[in-house]
Amino acid sequence: MNDGYPSLYSDAHRYDLVEGAFASGEFLDFYKRQIARYGEPVLELACGSGRLTIPLAEAGVEIMGLDISEEMLNLATLKASERGVKIPVVRGDVRSFNLSKEFKFIFIPAQSLTHLHKREEIEDCFSCVRRHLAEDGRFLVELFNPSVKLLARDSDPRYGVGEYEERNEEGGRVFVTEEVSYDAATQINLIRWFFSNERSDQERVLSFEMRQFFPQEIDALLWYNGFLIEHKYGSYDEKEFSNVSPKQLIVCRSK
């Protein structure tokens, strides 16, 4: 489904400007609680620019990050250095990594699993997780609870995403909008983000794809790949998952 536009993840600085350079609030607090509950060392899969890895390391967590994007990891290293934090980050593929180490807690946050589109890729990822999980370790997957209403939106209009102040010499306010196109056969949502600076007529376009995981589907994928679900939360406050939950936060262990 690649549409020819550069990937959102090839522009790490712009990604951080939209999403925020460092995690905070209930997002960060949720992961702090899970780590306190299940122990260290910790492995974050698809750690990106370190927006969650770095604040966790600052809180004293023994954590390692893995990501496939060299640009994202370079930014993570720079940000960690600026904050005086040392974190090991490794360039690797979540489908085929070997770190020669076991972890008490492994997690893949912020919908990053949605970048694996085929069943075989998901199975390879889960197999790697099982090999790196300590005997009493836990694995956490964070996903959206897909909204049929949102997926069925008209693909022509642009929808608002956010805005930020440009930090280069050009300056100006940047407005971010998106177009979405959902393929029900593959369950992949193609998303294009449009970056428009109020001081320029030019527009920057970045795209990314997110495979949708419906609740019963992800539960079955975990079960048939050797995991037993212990908790399934619907939000960062750990409320039980329901049909109106915005999130799927699934804590599991090896069978």
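Everything numeric in this text was worked out from a predicted model, so none of it was measured.

About the thresholds
- Residues numbered from 1 in each chain as written.
- Predicted model: local features only at pLDDT ≥ 70, side-chain atom pairs only at ≥ 80, totals over all residues.
- Heavy atoms only, no water.
- Helix = DSSP H or I, 4+ residues; strand = E, 2+ residues; numbered from the N terminus.
- Buried < 20%, exposed > 50% of the residue type's maximum accessible area, 1.4 Å probe, protein only.
- Phe/Tyr/Trp six-rings, centres within 6.5 Å; stacked < 30°, edge-to-face > 60°.
- Salt bridge = Lys/Arg side-chain N within 4 Å of Asp/Glu carboxyl O.
- Core = buried A, V, L, I, M, F, W, Y, C linked by side-chain atoms within 4.5 Å.

Trainee: Would you explain unusual backbone geometry in this entry?
Mentor: Leaving glycine aside, a negative phi is the common case for residues, and trans is the common case for peptide bonds. Of the consecutive residues Glu-40 and Pro-41, the connecting peptide bond is found in the cis state with omega at 5°. Mapped onto the elements, Pro-41 comes out in the loop between α2 (25–38) and β1 (42–45). Although it is not a glycine, Ser-100 sits at a positive phi angle of roughly 55°. Examined against the element boundaries, Ser-100 turns out to sit in the loop between β3 (89–91) and β4 (103–108). Ser-100 sits in the exposed class, given a relative accessible area of 69%. Unlike most non-glycine residues, Gln-187 shows phi in positive territory, near 65°. Checked against the element boundaries, Gln-187 lands in the loop between β7 (173–183) and β8 (188–197). Overall, Gln-187 belongs to the buried group, its relative accessible area being 19%.

Trainee: Help me understand the packing of aromatic side chains, please; the structure alone is not making it clear to me.
Mentor: Remark: the centre distance and the inter-plane angle together describe each pair of aromatic rings, the angle taken between the planes. Under the counting rule described, the total for this entry stands at 16 aromatic pairs. Where Trp-193 meets Phe-208, the ring centres are 5.2 Å apart and the plane angle is 85°; that geometry is what we call edge-to-face. Of this pair, Trp-193 sits in strand β8 while Phe-208 sits in strand β9 (residues 203–211); the two residues are 15 residues apart in sequence, bridging distant segments of the chain. By the burial criterion, Trp-193 is buried, and Phe-208 matches it.

Trainee: Just checking my understanding: could you explain the pattern of salt bridges for this structure?
Mentor: In a structure, side chains of opposite charge can pair up when their charged atoms sit close to one another. Counted according to the given criterion, the structure contains 25 salt bridges. For Arg-173, the salt bridge is made with Glu-163, and the minimal N-O distance between the two is 2.9 Å. Residue Arg-173 is found in strand β7, and its partner Glu-163 is found in strand β6 (residues 159–165); the two are separated by 10 residues along the sequence. The partner of Glu-230 in a salt bridge is Arg-253, and the shortest N-O contact between them spans 3.0 Å. Here Glu-230, found in strand β10 (residues 227–233), pairs with Arg-253, found in strand β11 (residues 247–254); they are 23 residues apart in sequence, far enough to count as distant. Under the relative-accessibility criterion, Glu-230 is labelled partly exposed at 29%. Because the salt bridges share partners, they merge into one network encompassing Arg-158, Glu-179, Arg-192 and Glu-203.

Trainee: I keep staring at the nonpolar core and nothing clicks. Help me out?
Mentor: Soluble, globular proteins show a tendency: their nonpolar side chains are buried together. The biggest cluster of nonpolar side chains holds 28 residues, and the ones touching the most others in it are Leu-43, Leu-45, Leu-113, Phe-126, Phe-139, Ile-218 and Leu-222. Mapped onto this core, the elements with two or more residues apiece are β1, β2 (63–67), β4, α5 (119–132), β5 (133–144), α7 (215–224) and β11. Tallying contributions element by element places α5 first for this core, with five residues. One finds Ile-35, Ile-87, Tyr-236 and Leu-249 within the second-largest nonpolar core, a separate group that totals 24 residues.

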